[in-house]
Amino acid sequence: MTSKTGQKSRTVGATAKRRTSTTARTPQTRRKQGDSGATSVAQVRLRPDEMADLQQVMQTLQLHSLSDALREGLRLLSREATEVAASQEIRDFYRGAQAPTPEGVLPATTAELAAADETEW
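Residues numbered from 1 in each chain as written. Predicted model: local features only at pLDDT ≥ 70, side-chain atom pairs only at ≥ 80, totals over all residues. Heavy atoms only, no water.

Novice: Explain the overall build of the chain residue by residue, including any values.
Specialist: On a plain count of helices and strands, the chain comes out with 4 helices and 0 strands. Seen in sequence order, the chain has helices and strands lined up from the N terminus as α-α-α-α. Taking all 121 residues of the chain together, 3% fall into the buried category. As displayed, the chain has an accessible area near 11,700 Å², and 56% of this comes from carbon and sulfur atoms. (Helix = DSSP H or I, 4+ residues; strand = E, 2+ residues; numbered from the N terminus. Buried < 20%, exposed > 50% of the residue type's maximum accessible area, 1.4 Å probe, protein only. Areas by Shrake-Rupley, 256 points an atom, 1.4 Å probe, with all protein chains shown as cover.)

So this is what it looks like as structure tokens:
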């Protein structure tokens, strides 16, 4: 008679073995460029209104799965984080002073900056 722990260890090992062999059979053409082949599973809890918004976005952008939609969202968040980091580097470089404008470009006036702040997308 084997213990539950022993049974569990064999089950986990068999499952891992199955996954490995399935991964090995995955055609290279299905993998995206830059994909190492290793994936992770993440969960997200959404309110009904968020789910409705996500489904509308999926329909509009012709995304075929929740995974595609969430990957696209993460890609956009990553891009935004990169832009925020770059702007912080610029502020740090100029130590709080205004960055110079390119030759021939006049600095924005206070009214232009205020109008830009009020713009809604």
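This is not the end of the story, as more comes after the structure.
Novice: With reference to specific residues and values, describe the environment of Gln88.
Specialist: Mapped onto the fold, Gln88 is located in helix H3 (residues 66-93). Exposure remark for Gln88: the relative accessible area of 34% places this residue in the partly exposed category. Among the polar contacts made by the side chain of Gln88, one reaches the side chain of Arg91 at a distance of 3.0 Å. (Polar contact = N/O pair within 3.5 Å; in protein donor to acceptor, adjacent residues only side chain to side chain.)

Novice: Which residues make up the packing of aromatic side chains, and what values do they have?
Specialist: Inspection of the entire model under this criterion finds 1 aromatic pair. Ring geometry for Phe93 versus Tyr94: centroids 4.9 Å apart, planes at 85°, classification edge-to-face. Owing to a relative accessible area of 61%, Phe93 belongs among the exposed residues under this scheme. Under the relative-accessibility criterion, Tyr94 is labelled partly exposed at 31%. (Phe/Tyr/Trp six-rings, centres within 6.5 Å; stacked < 30°, edge-to-face > 60°.)

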